[in-house]
Amino acid sequence: GGGGGYGVNPNAKQVLPEGTVREVFDLYESVKVPPPLSGPGGEAMRAIAAARPRVQVLALPRLVQRVLAGVDFLNPVQTAVHKCALFSSENFLVCAPTGAGKTNVALMAICQQLLAAEKANGSVDLEKLKIVYVAPMKALAAEVCQKLSGSLKCLGLRVRELTGDMQLTKREIAETQVLVVTPEKWDVVTRKGAEGVAGLVGLLILDEVHLLGDERGPVIEALVARTLRLVESAQVQVRLLGLSATLPNYVDVGLFLRASPKSGIFYFDASYRPVPLSQEFVGVKVSNPMKRVQTMLEIAYERAVESVRNGKQAMIFVHARNDTLRTARALRDIARNRAESSVLAPPEDHPRLAQAQRDVGKSRSADLRELFGAGLGVHHAGMLRAERGLSERLFAEGLVRVLVCTATLAWGVNLPAHTVVIKGTQIYDPSKGKHVELSPLDVMQIFGRAGRPQFDDSGEGVILTTHDKLAHYLKMLTSQLPVESALSGHLPDHLNAEVCLGTVSSLAEGAIWLSYSYLYIRAMRNPMAYGIDPSFKERDPDLFSWRLTLLRQCARKLDECKMVRFNPATGALDATELGRIASHFYLRLGTVQLFNESDDKSERKLTPLATDAELLAALARSSEFENIKSRDEEQEELGELLQACPLKVSGGLDGAGGKVNVLLQTYISGLQLKASSLVSDGNFISQSAGRIARGFFEIALSKGWIGLALKALTLAKMLEWRLWATDSPLRQVGGLPEEALARLKARKATRESLLDMSDNEAGSLVSHLRLGTSVRQAARRLPAMLVELDAKPITRTVLKVTLTLTADFEWFEKAHGAVQPWYVWVEDFDDEHVYHKERIILHKSKAYEPMELSFT
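Before going into details, it helps to say that this report is about the structure given with it. Every value quoted in this text rests on a predicted model; they were computed, and no experiment measured them.

Once that is clear, we can look at the packing of aromatic side chains. Here a ring pair, both rings aromatic, is described through the centre-centre distance and the interplanar angle of the planes. Taken as a whole and judged by the stated rule, the model has 9 aromatic pairs. An angle of 75° between the planes, with centres 6.4 Å apart, marks the rings of F625 and F684 as edge-to-face. With F625 in the loop between α26 (612-620) and α27 (635-643) and F684 in helix α29 (residues 676-702), the pair connects residues that are 59 residues apart, well separated along the chain. Three or more aromatic residues joined by ring pairs form one cluster here, namely F595, F696 and W705. One Lys or Arg, R52, reaches over the ring of Y272 and ends 3.6 Å from the middle of that ring. The residue whose ring lies beneath R547 is Y520, and the NZ or CZ to ring-centre distance is 4.4 Å.

And the structure:
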C-alpha cells in the first residue's frame, strides 16, 4: 500500500448539504454550500443550538476560575466536555470545528493535573507537575505558548517552547511545568530514554491530531505508542488528550488514543462553529496557464470587492511569498481598470488614518507604502517582523480592506476576516521537490479564519482550483474522507529508535509495539488500503503474521545498513552504535548508508580521508534532501551562487546534490536568495543540515576516523554559526564592525596573536585605534581551555592518564549562555587510534574551577 493521506471511498455517495447551488459559466463552475442549519428546515435546529447548555465559570473550582479569568460562561463544546476534562483522569479525544475554543479544553485538562497536585492550603505542588503540549508546527507552537503562559502565569507555572534547533538544559526542563513542543522534537527527547523527562509527564496534549494522515503523522504514532507502552510497563500515569478538527473516522483516532468510546470520545459537528461558514468551490476550466491565472485573479477580485462593499474585509491566500506582491499589484490594476479604486481605498473618515499614513511613511518597505494607498496589504514569513506587525495592525484596524498573504498567517497569527479566498491549490513542497495539492488540513485551517466571532454573524470561504480538482475538494471539505496512516513508509527509522531505547528486542516484541499504532487500527478496519487481502485477514484475524512480515522487511534493511543486528533464526534485534547515533540525531536510513563501505566504486561513499569538499558533497546527498531538484528558472541564480562558493562543487549543478551543496555554501556565507522556491528550499535545508553534520561527526568518531570527525565537527559549527572556518573567529563573539572583521581575516589574526598585543597594536591591525580594546576583549571571550596532562604507568601496557582542564576565557553571558559543551579525545597521532573520548559540559557557575578527567 502507498503512504497515508486521505483515502477517498469511491462508493460513498457524495451527499452535498441541502440548499447547495451549482452554477456553470463559460470559464468556470461554482458550487455554493450554505452554512449548516441555514434555510427553512434549519430553524428548529437553530433553536436547539441556541439553547445548548453553558456552564458558568463561577460554578467551577477556584483554581479553574483563576486560569479562565475573563471567561464568564463555557461555550457549548467546553460545557459538554468539562466534567471529563476536569474531574476524571481518563484519556479523551475532542473533535470540533476550528474556533470552537479547544485551547480552553486543554487548559481544563491542565487544571485537572493542578487540582490533583493541590495541597490543603490551596497552593499547588509544582515539583510533581509536567505537562507536554504537542503542536504540529513551529508557528503554532509559538502561538500556543503565548496563550498558555498568559493563562497559567497567575499560578506561577512556567511555560516554555521546545522546537527545532532550540536546546533547553536539564535544569531549564526541570524548572518548566508546561513544555510546548513539535512532534519531532519530543520524539528526539523521548528517544534518548524514558528515565529523563518522559517518565515525569502526567499529561500529554496532542493538538491537530487529524494530522495522522499527513507526512508528520508517523511521528505522532511513534509518540503515542511509546507513551502507551511506558504507561503499561513502568506503571506511570500519563493522561492523553487529543484535539482535532472534525473528521469522519474519529472513533478510530479515539481508539488509537485508548479513549473509551462511551465516555472519552467527543464529536461536535459544524453546527458548533461559533460563526456559521458558507463555502464556495470554484473550478476554473481554462487550460492555458496564463489565462487561468488571470481568470482566478478576476474571480478573487470580485469576491473581495463584494465583501468590501458590504462593509467587510477579505483575505486572499496565495502559496508563494513573491506571489503576494504580484497578486496585490494585479488587484490594484484591476480596480483601476474598472474604475473601482475608491471602493478599496482606506476609509477617509477613519480616526486612525493620519497616524497610519505616518507609520507607513516611516516603513522601510516601498511595497507596503505603494499598496497602502490602494487599501491593500501583504503578509508573508519572509518580511521583516516590524513590517509583518504593521500589516497585521492596519488590517485589524480596518484601514487595509484586502490582505494578500501566505498560509503561515492562518497557522501562526490569529487574524480573522469575514471573507477568505484561497487562490489556486498548487503549493510547492521542498521535501518532495515539486508542487502538490493543498492538503485538506491547510484548507480547513485557512477557512477557520473566516468570520470574526466578535463582529460577524457569518463567514465565507472561497476556494479557487482547476476544474479537474473540484470534486476532490468538495468531498474533502464536506469531510467524507477517512484519515489513513502513513507509518509504513517510515517504519525502519521508527523501529530503529525503539530498538535503541530497548523497548523492542525481537520481531515478536515489535509486533506488540505495532499493535499500539494507528496503522494497526486502520489496517484492521480497512485492510484493502494497506494491501491486505480480505481472505488473508480471515486466516490471520489480529494481523499478527502481517505485522511480523512488515517488521522483518524493516529489520533486514536496518541490518544491511549496520544500524541493527538482526538474527533471522531467532528474530532477535540488537542495537548498534551506528543505530543509536541515527536515532539521536534523527538521521534517515539512506543518510547512514553514505558511510557504509561498498565494493561498488561508482558510488561515492565517505572514506576516512575525505576532503572538506567531499564531506560537504556527502551532506548534500543525504536522504533528507533527496527530493530537492533544480528547476530551469533557478539556473541563472544558482550559476551566480556557484561562482561564489568557496568549496569546489564536483559535478557542478547537475551532479547529485549539486543544488543542495550550493545552497549550503550560500547559507554559510550568509548571501540572500531571490527566487521564492530557492528561499523555501534554502530554509528547508538549513533547518536540518547542522543536525545531520553533527550526526556525521558522531559516526566518524565512533568509527575512529578522527581526521574526518574533526572536519565534520567544523562543518557543523560552520552551519550553526553561518561562518567559514577561514573567517575571523571573533565573528562568533559579536559586537565588532564588518570592516574590522574583514581586516582580521585578511591578516590571519589568531586569538593567541591578539592576546599578545597591546590595545594599540590590535587597533592599528584593524586600522582603527579606538577599536583595539574591544578587539582584544572579543579575543578574551573566545572559549579556550588550558590542558595539563599527567600520565602514570600502572602496568607495562596500562597507562593512567589524568587531564586537568581549566577554562581560559572571559565568560560573557550574552554569547556563551549558561553552559558550554566540549569534546575531549585522546588519539595516537600516527595511526589515528582513539584511546578515549567523552563529552563534557562546562557550567558558568563553575567556569574557572579546574576539571579533572582520568581514564586508563
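Turning next to the sheet that holds strand β14 (residues 402-405). Strand order in the open sheet formed by 8 strands is β2-β3-β11-β18-β15-β12-β14-β13, and the pairing between neighbours is mixed. Looking along the sheet, the strands with just one partner apiece sit at the ends: β2 (21-24) and β13 (376-379). Taken pair by pair, the neighbouring strands of this sheet meet at an average axis angle of 15°, ignoring direction. Pairing analysis gives 4 bridges linking strand β12 (residues 314-317) to strand β15 (residues 419-423), with the strands arranged parallel. Each residue of the ladder has a partner; that of M315, found in β15, is V420.

A few words now on the sheet that holds strand β8 (residues 203-206). Strands in a sheet are paired, the pairing made by backbone hydrogen bonds, and the direction either parallel or antiparallel. Spatial ordering of the open sheet is given by β6-β7-β5-β8-β9-β4-β10, a layout of 7 strands whose pairing is parallel. Each having just a single partner strand, β6 (159-162) and β10 (265-267) make up the two edges of the open sheet. Across this sheet, the average inter-strand angle for adjacent strands is 15°, counted without regard to direction. Of the pairings in the sheet, the one linking β8 to strand β9 (residues 239-244) comprises 4 bridges and is parallel in character.

Counted by the stated rule, this structure contains 31 salt bridges. One salt bridge in this structure joins E340 and R309, with 3.0 Å as the shortest N-O distance. Of this pair, E340 sits in the loop between α11 (321-337) and α12 (341-344) while R309 is found in helix α10 (residues 289-309), placing the two residues 31 residues apart along the sequence. A salt bridge links D468 to K469; its shortest N-O distance comes to 3.8 Å. Exposure remark for D468: the relative accessible area of 59% places this residue in the exposed category. Since its relative accessible area comes to 24%, K469 is described here as partly exposed. When salt bridges with common partners are traced through the structure, they connect R329, R332, D333, R336, D367 and E370 into a single cluster.

Moving on, we come to unusual backbone geometry. Even without a glycine there, the phi angle at E208 is positive, about 55°. Relative to the helices and strands, E208 is located in the loop between β8 and α8 (217-234). Given the relative accessible area of 12%, E208 is considered buried. Notably, R722 is not glycine yet its phi reads approximately 55°, a positive angle. Along the chain, the position of R722 falls in the loop between α30 (706-721) and α31 (738-746).

What follows concerns the packing of α29 against α30. The N-to-C vectors of α29 and α30 enclose an angle of 165°; their axes lie 8 Å apart at closest approach. The pairing of α29 with α30 is recorded here as roughly antiparallel in orientation. α29 and α30 meet at a crossing whose hand is left-handed. Across the interface between the two elements, A689, G690, A693, R694, F696, F697, A700 and L701 of α29 pack against I706, L708, A709, A712, L713, L715, A716, K717, L719 and E720 of α30. The residue makeup of the contact of α29 with α30, split by class, is 14 nonpolar, 1 polar and 3 charged.

About the criteria used
Residues numbered from 1 in each chain as written. Predicted model: local features only at pLDDT ≥ 70, side-chain atom pairs only at ≥ 80, totals over all residues. Heavy atoms only, no water. Phe/Tyr/Trp six-rings, centres within 6.5 Å; stacked < 30°, edge-to-face > 60°. Helix = DSSP H or I, 4+ residues; strand = E, 2+ residues; numbered from the N terminus. Lys NZ or Arg CZ within 6 Å of the ring centre and 35° of its normal. Pairing = 2+ DSSP bridges. Axes fitted to C-alpha atoms, helices over the stretch in contact; angles between N-to-C directions. Salt bridge = Lys/Arg side-chain N within 4 Å of Asp/Glu carboxyl O. Buried < 20%, exposed > 50% of the residue type's maximum accessible area, 1.4 Å probe, protein only. Parallel < 35°, antiparallel > 145°, perpendicular 65-115°, else oblique. Left-handed = near helix turned anticlockwise from the far one by under 90°. Contact = heavy atoms within 4.5 Å. Nonpolar A, V, L, I, M, F, W, Y, C, P; charged D, E, K, R; others polar.

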